[in-house]
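Given next are the chains, with one letter for each unit.
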Amino acid sequence: MDFDVKKLNTKLIKRTVTAWLKVIVFLLDDVVALLLIILLLRFLKIQIPLPIIIVVAILIGTLLFMIHRAIIPDFRRKPVTGQEGMIGSQGSVVKTLSPIGTVVVEGEHWKAKSIDGSIGVDENVEIVGLDGLTLKVKRKKR
């Protein structure tokens with residue numbers, strides 16, 4: 001049990017660090033764009049006092065940071081379309097799977113094939129794959 005907690009914490013730390021690295025990379029391109037604008041203004045001999053540049057840069061940087069920070073949860077979001085969005089979803093058997101039958105997943109009826117042998121009506125299943133429009137399912141562990 002202790003090993004699983006350490007493994008989970010390591011995964012969480014890795015995901016968090018990865019998400020923050022993405023935010024930093026996204027912010028870096030904004031900083032470069034801001035520096036290019038400042039250099040262009042200097043090249044065109046447009047004089048803007050340094051305190052105003054600093055205040056505007058801090059305000060824009062803060063705004064961009066907050067926007068990017070709001071995006072971090074999207075990095076962890078599970079895909080909701082296609083095959084990747086179906087795998088891991090759960091459903092309920094409405095026609096016995098022996099091994100082919102019907103399941104309901106998120107209110108939709110699907111043809112399904114059991115990889116666990118026969119599964120009875122009203123049992124919960126988990127989608128482990130797709131074969132065309134046929135779901136491959138296994139009995140959901142409690």
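A brief report on the enclosed structure follows. Values in this document were obtained by computation on a predicted structure and should not be read as measured data.

On to the pattern of salt bridges, then. Evaluation of the coordinates by the stated rule reveals one salt bridge. Between Glu123 and Arg139 there is a salt bridge, with its nearest N and O atoms 2.9 Å apart. Note that Glu123 is positioned in the loop between β3 (108–114) and β4 (124–131) and Arg139 in strand β5 (residues 134–139), a separation of 16 residues in sequence. Looking at Arg139, the relative accessible area reads 31%, which means it is partly exposed.

This brings us to the pairing of β5. As paired strands, β3 and β5 are joined by four bridges and run parallel to one another. Residue pairing across strands places Lys111 opposite Thr134, the latter belonging to β5. Counting the residues in the hairpin turn of β4 and β5 gives two residues, including Gly132, whose phi is positive at 65 degrees.

As for its position among the elements, Thr134 is in strand β5. With a relative accessible area of 17%, Thr134 lands in the buried category.

The rules behind these values
- Residues numbered from 1 in each chain as written.
- Predicted model: local features only at pLDDT ≥ 70, side-chain atom pairs only at ≥ 80, totals over all residues.
- Heavy atoms only, no water.
- Salt bridge = Lys/Arg side-chain N within 4 Å of Asp/Glu carboxyl O.
- Helix = DSSP H or I, 4+ residues; strand = E, 2+ residues; numbered from the N terminus.
- Buried < 20%, exposed > 50% of the residue type's maximum accessible area, 1.4 Å probe, protein only.
- Pairing = 2+ DSSP bridges.

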